[in-house]
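The primary structure of each chain is shown beneath.
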Amino acid sequence: DVSSPKHGKVDPFNMPHVGGNMWAGGTGGRDTAGLGGKGGPYRLDAGHRVYQVSQAEKDAVPEEVKRAAREMGEKAFKRRLKEIQMSEYDASTYERFSGAVRRQVQSLRIILDNLQ
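Bear in mind the structure is a predicted one, so any value in this text is a computation, not a measurement.

## Here we look at the overall build of the protein chain
Scanning the protein chain for helices and strands turns up three helices and two strands. Ordered by position in the sequence, the α and β elements of the protein chain form the string β-β-α-α-α. Reported as C-alpha extents along the three principal axes, the dimensions of the protein chain are approximately 45 × 35 × 30 Å. Expressed as a percentage of the 116 residues in the protein chain, the buried residues total 25%. Considering only residue pairs separated by 6 or more positions, the protein chain has 35% of its internal contacts joining residues 24 or more positions apart. Carbon and sulfur atoms provide 54% of the accessible area of the protein chain, an area that totals close to 8,600 Å².

Below, the structure is given as structure tokens:
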């Protein structure tokens, strides 16, 4: 069961964590920031293979937990914008321009990685 969203502990060795309710950047877990899980406040990619919980499990998360996770994610987003000295307007403008060339940038990254 999900209880309340949190960032989670940071693994100093960046080991992959699947499931559970403890590690930031894990996959397929609950309540913590990561990928493929349920009830976490925001997505956090630690670079590991992603294990996805079912959509039925995600849909079963209580509304108050979803609300708390959204609020926590929004606070983290605003904190990060402040750290990088960016306004919400700047962020939306950046996203608009970045989104327009996202596929091309990804293709270029693949080409450059292969050249290396």
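## Topic: the environment of Met-86
Examined against the element boundaries, Met-86 turns out to sit in the loop between helix 2 (63-83) and helix 3 (88-115). Accessibility expressed as a relative area gives 25% for Met-86, which makes it partly exposed. Here the alpha-carbon distance between Met-86 and Gly-28, two residues 58 residues apart in the chain, equals 31 Å. Setting aside residues no more than four positions away along its own chain, Met-86 makes contact with Leu-81, Ala-91 and Tyr-94.

## Thoughts on helix 2
With 21 residues, helix 2 should cover 30 Å at 1.5 Å per step; its first-to-last C-alpha distance of 30 Å lies within 8% of that length. Inspection of helix 2 places Val-65, Ala-69, Gly-73, Ala-76 and Leu-81 among the buried residues, and these make up the whole buried set. Down the axis of helix 2, the smallest arc covering the buried residues is 140 degrees, so these residues share one side. Exposed and facing more than 90 degrees away from the buried side of helix 2 are Glu-64, Lys-75 and Lys-82. Taken together, the buried residues of helix 2 touch helix 3. Remark: Gln-85 follows helix 2 within two positions and exhibits a positive phi of approximately 55 degrees.

## Some details on the pattern of salt bridges
The full count for this structure, using the stated rule, is seven salt bridges. A salt bridge links Asp-31 to Arg-30; the nearest nitrogen and oxygen atoms lie 3.8 Å apart. For Asp-31, a relative accessible area of 0% puts it in the buried group. Close ionic contact of Lys-38 with Glu-57 constitutes a salt bridge, the shortest N to O distance being 3.3 Å. Taken together, the positions of Lys-38 in the loop between strand 2 (34-35) and helix 1 (55-59) and Glu-57 in helix 1 put the pair 19 residues apart, joining distant regions of the chain.

## Some remarks on the packing of aromatic side chains
Counted by the stated rule, this structure contains zero aromatic pairs. Cation over ring: Arg-96 sits above Phe-97, and NZ or CZ is 5.0 Å from the ring centre.

## Observations regarding the domain arrangement of the protein chain
Per the domain assignment, the segments making up the protein chain are domain 1 (1-85) and domain 2 (88-115). Summarising the inter-unit geometry, the C-alpha centres of domain 1 and domain 2 are found 24 Å apart.

## Observations concerning helix 3
In helix 3, a bend of some 55 degrees at Arg-102 exceeds every other bend along the element. Of all the residues in helix 3, the buried ones are Ala-91, Thr-93 and Ser-98. Next to the buried residues of helix 3 lie helix 2.

Thresholds applied
Residues numbered from 1 in each chain as written. Predicted model: local features only at pLDDT ≥ 70, side-chain atom pairs only at ≥ 80, totals over all residues. Heavy atoms only, no water. Helix = DSSP H or I, 4+ residues; strand = E, 2+ residues; numbered from the N terminus. Buried < 20%, exposed > 50% of the residue type's maximum accessible area, 1.4 Å probe, protein only. Contact = heavy atoms within 4.5 Å. Areas by Shrake-Rupley, 256 points an atom, 1.4 Å probe, with all protein chains shown as cover. Expected span 1.5 Å × (residues − 1). Arc of directions from axis to C-beta. Salt bridge = Lys/Arg side-chain N within 4 Å of Asp/Glu carboxyl O. Phe/Tyr/Trp six-rings, centres within 6.5 Å; stacked < 30°, edge-to-face > 60°. Lys NZ or Arg CZ within 6 Å of the ring centre and 35° of its normal. Domains from an automatic or database assignment. Bend = angle between axes of the 7 residues up to and from the residue.

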